[in-house]
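The residues making up each chain are set out below.
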Amino acid sequence: LVAEPAGSIRGVVRDASGAPVAGLPVEVRGASGARRTTTGAGGAFVLEGLLAADYVVEPFAYRGQVGQETQVRVDRAVVPCDLQLTRVPEASLLVVNEQGEAASGIWVAASLHGLRRGVGQADARGVVSLPMTGDAEFEVRTADGYAACAVRSFDVSGPQAKLVIAQP
């Protein structure tokens, strides 16, 4: 049995305007698993008792804002890691089937960085508004029975983002 000194990751989470965010979960992932903590007053967080290793630190989403994963190496007693949230704009997404017809009533969930950021139902024209970027991932389900639909393609090159799905 060998004892090693533990390290900690400390920082502050700020929203897109620079204001600190209190009460926000922050996840720290490493080879030994994931742990969560919550920001306190002034947006400060600390996660102690970490072995020397590489970790990924990521704040949860907050009021339409998301944070990027930040890589840190715990190699001393305290490692600073301030996090900045950025606003993810809602965008209009046209959902069509493989024949190019509007997929009205379809439920679409958009995920960014592995976390769900928004859910919406396509209107009669097949349009849904969701927070997303070009690297978004989607889960699509039918209105009746919520059967999964396969995503065939996602195109943001045209005037409106388009999601092509295969309906069951």
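Residues numbered from 1 in each chain as written. Predicted model: local features only at pLDDT ≥ 70, side-chain atom pairs only at ≥ 80, totals over all residues. Heavy atoms only, no water.

Re the pairing of strand β11 (residues 107–112)
Then, in step 1: For β11, the tally of buried residues reaches five of six residues, placing the bulk of the element in the interior.
Then, in step 2: Bridge count between β11 and strand β12 (residues 115–121): six bridges; the pairing is antiparallel. Residue pairing in the sheet places Ser-111 in a bridge with Arg-116 of β12.
Then, in step 3: The turn linking β11 back onto β12 is made up of two residues, and His-113 within it adopts a positive phi angle of 60 degrees.
Then, in step 4: As paired elements, β11 and strand β14 (residues 137–141) share five bridges and run antiparallel to each other. The residue bridging Ala-109 from the neighbouring strand is Glu-139, located in β14. (Buried < 20%, exposed > 50% of the residue type's maximum accessible area, 1.4 Å probe, protein only. Helix = DSSP H or I, 4+ residues; strand = E, 2+ residues; numbered from the N terminus. Pairing = 2+ DSSP bridges.)

As for the side chain of Thr-142
Then, in step 1: In this fold, Thr-142 is placed in the loop between β14 and β15 (148–155).
Then, in step 2: Judged by its relative accessible area of 12%, Thr-142 falls in the buried class.
Then, in step 3: Polar contacts involving the side chain of Thr-142 include one to the main-chain carbonyl oxygen of Asp-144, which spans 2.9 Å.
Then, in step 4: Ignoring any residue separated from it by four or fewer positions in sequence, one finds Thr-142 in contact with Ile-106, Trp-107, Ala-147, Cys-149 and Pro-168. (Polar contact = N/O pair within 3.5 Å; in protein donor to acceptor, adjacent residues only side chain to side chain. Contact = heavy atoms within 4.5 Å.)

Let's talk about the sheet that holds strand β5 (residues 53–59)
Then, in step 1: With antiparallel pairing, the four strands of this open sheet are ordered in space as β3-β2-β5-β7. The open sheet terminates on both sides in strands that have one partner only, identified here as β3 (33–38) and β7 (70–74). Between one strand axis and the next, the sheet turns by 30 degrees as a mean value, whatever way the strands run. (Axes fitted to C-alpha atoms, helices over the stretch in contact; angles between N-to-C directions.)

Section: the sheet that holds strand β13 (residues 127–131)
Then, in step 1: With respect to topology, seven strands assemble into an open sheet ordered β12-β11-β14-β15-β16-β10-β13, the strand pairing being mixed. With one partner strand each, in any of the chains shown, β12 and β13 form the two edges of the open sheet. This sheet shows a mean twist of 30 degrees between the axes of neighbouring strands, independent of strand direction.
Then, in step 2: Note that β15 and strand β16 (residues 161–166) share five bridges and pair antiparallel. Bridge pairing in β16 links Val-151 to Ile-165.

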